[in-house]
Amino acid sequence: MKVLFNQLFDYNFYCNKKLIEQCTTMEKVPEKCIKLFSHILNAHHIWNNRIAGKPPEYGVWQEHAVESWGDIHYENQRTTFELITNADDFGRRIDYENSEGRVFANELKDILFHIINHSTHHRGQILMDYRSNGIEPEPLDYIFYKR
């Protein structure tokens, strides 16, 4: 399971890095893109901290300057790889509070998959926003990444 999650988070890192690189070359990044990509970064950070039993430093919809995306993204990735490396039971239940203060519990493997799936979902929204703003997105499909 560690190998699979490492591969999926490598792919996630690659896709996010591509978006960061593309946005840093834009004269003006679409507002919706800033909101959604900041949310991707925040959610990843929040889930990492829930797994580690720490309070998050970012709010769910807190916006970040494009110039800070790379550092936040790298730290998210480093933390996730550390969590995966140190995991001995991917079925371990993680108790956490959501952003509204409700208490839940999910298995580690489901939370890790959620981080990937959540990022993919919002990247798709960002790519649609690119197109509506006349920006041609780079292909981020998993199969292109694996080629």
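Within each chain, residues carry numbers counting from 1 in the order of the written sequence. Where local features are concerned, this predicted model is filtered to residues with pLDDT of at least 70; where side-chain atom pairs are given and counted, the filter is 80 or more; whole-chain, interface and lining totals use all residues. Note: side-chain values were computed over all heavy atoms of the structure, leaving out hydrogens and water.

Engineer: Could you give an account of helix 1 (residues 2-24), with specific residues and numbers?
Structural biologist: Secondary structure counts use DSSP, requiring at least four H or I residues in a row for a helix and at least two E residues in a row for a strand, with both numbered from the N terminus. Here the expected span of a helix is defined as 1.5 Å times the quantity of residues minus one. Relative to the 33 Å expected for 23 residues at 1.5 Å per residue, helix 1 spans 32 Å between its end C-alpha atoms, a close match to the ideal helical length. Only protein chains enter the accessibility calculation, which uses a 1.4 Å probe; a residue whose area is less than 20% of its type maximum is buried, one above 50% is exposed, and one in between is partly exposed. Residues Phe5, Leu8, Phe9, Tyr11, Asn12, Cys15, Asn16, Leu19, Ile20, Gln22 and Cys23 constitute the buried set of helix 1. Turning to helix 1, the residues buried within the fold contact helix 2 (31-52), helix 3 (66-86), helix 4 (108-132) and helix 5 (142-146). The contact rule is simple, with two residues in contact once any of their heavy atoms fall within 4.5 Å.

Engineer: Which residues make up the pairing of strand 2 (residues 103-107), and what are the values?
Structural biologist: Looking along a regular strand, one sees side chains alternate from face to face of the sheet. Two elements, strand 1 (residues 93-97) and strand 2, share 5 bridges in a ladder whose sense is antiparallel. Along strand 2, the bridge assignment pairs Tyr96 with Phe104. Only strands joined by at least two bridges in the DSSP assignment are considered to pair. In sequence, strand 1 turns back onto strand 2 through a hairpin of 5 residues, with Gly101 there showing a positive phi of about 85°.

Engineer: Go over the side chain of His45 with me, naming the residues and quoting the values.
Structural biologist: Among the secondary structure elements, His45 is positioned in helix 2. Among the residues examined, His45 registers a relative accessible area of 9% and is labelled buried. Those residues within four positions of His45 in sequence are excluded, and the remaining contacts are Pro56, Glu57, Tyr58 and Asn76.

Engineer: A description of the pattern of salt bridges should follow, citing residues and the corresponding values.
Structural biologist: Oppositely charged side chains can form a pair if their charged atoms are brought close together. Salt bridges, as used here, are contacts in which a Lys or Arg side-chain nitrogen is within 4 Å of a carboxyl oxygen on Asp or Glu. In total, this model carries 6 salt bridges according to the counting rule given. Lys17 is paired through a salt bridge with Glu21; the nearest N and O atoms lie 3.4 Å apart. Of the two residues, Lys17 and Glu21 both sit in helix 1, 4 residues apart, roughly one turn of that helix. On the basis of relative accessibility, which here comes to 40%, the residue Lys17 falls in the partly exposed class. Across the pair Glu107 and Lys109 runs a salt bridge, and its minimum N-O distance is 2.5 Å. Classification of Lys109 as partly exposed rests on a relative accessible area of 28%. Each member of the salt-bridge network shares a partner with another, and the members are Glu75, Arg78 and Glu82.

Engineer: Give a description of the nonpolar core that names residues and reports values.
Structural biologist: A general feature of soluble globular proteins is that nonpolar side chains tend to end up buried together. What we call a nonpolar core is a set of buried Ala, Val, Leu, Ile, Met, Phe, Trp, Tyr and Cys residues that are connected through their side-chain atoms within 4.5 Å. One finds Leu19, Cys23, Cys33, Phe37, Trp69, Ile126 and Tyr130 to be the most contacted residues of the largest nonpolar core, which totals 20 residues. Ignoring sequence-local partners within four residues, the contact set of Cys33 consists of Cys23, Trp69, Ile126, Asp129 and Tyr130. Listed in part, the 16 residues of the second largest apolar core include Trp47, Ile84, Ile94 and Leu112.

Engineer: Help me get a handle on the packing of aromatic side chains, residues and values and all.
Structural biologist: Working definition: a ring pair exists when centres of Phe, Tyr or Trp rings (six-membered ring for Trp) sit within 6.5 Å. Plane angles under 30 degrees give stacked, over 60 give edge-to-face, the rest tilted. Counting across every chain of the model gives 8 aromatic pairs. Judged by centre distance (4.9 Å) and plane angle (45°), the ring pair of Tyr14 and Tyr145 falls under tilted. With a gap of 131 residues between them, Tyr14 in helix 1 and Tyr145 in helix 5 connect regions that are remote in the sequence. Among the aromatic residues, ring-to-ring pairing joins Tyr11, Tyr14, Tyr142 and Tyr145 into one connected group. In this structure, Lys35 is placed above the aromatic ring of Trp61, and the distance from its NZ or CZ to the ring centre is 5.3 Å. Over a ring means this: the NZ of a Lys or the CZ of an Arg is within 6 Å of the ring centre and within 35 degrees of the ring normal. For the cation-ring pair, Arg123 lies above Tyr11, with the distance from its terminal atom to the ring centre recorded as 5.9 Å.

Engineer: Hey, could you go over the packing of helix 1 against helix 3 for me, with residue numbers and the actual values?
Structural biologist: The axes used here are C-alpha line fits, helices contributing only the stretch in contact, and every angle between their N-to-C directions lies in the interval 0 to 180 degrees. For the pair helix 1 and helix 3, interaxial distance at closest approach is 10 Å and the crossing angle is 175°. Taken together, the axis directions place helix 1 and helix 3 in an arrangement best described as roughly antiparallel. On helix 3, the residues that touch Lys2, Phe5, Asn6, Phe9, Asp10, Asn12, Phe13, Asn16, Lys17, Ile20, Cys23 and Thr24 of helix 1 are Val66, Trp69, Gly70, His73, Tyr74, Gln77, Thr80, Phe81, Ile84 and Thr85. Taken together, the residues that form the contact of helix 1 with helix 3 break down as 10 nonpolar, 9 polar and 3 charged. Here is the rule for angles: anything less than 35 degrees is roughly parallel, anything more than 145 is roughly antiparallel, 65 through 115 is roughly perpendicular, and the remaining ranges are oblique. For this classification, Asp, Glu, Lys and Arg are treated as charged, while Ala, Val, Leu, Ile, Met, Phe, Trp, Tyr, Cys and Pro are nonpolar and the rest, including Gly, are polar.

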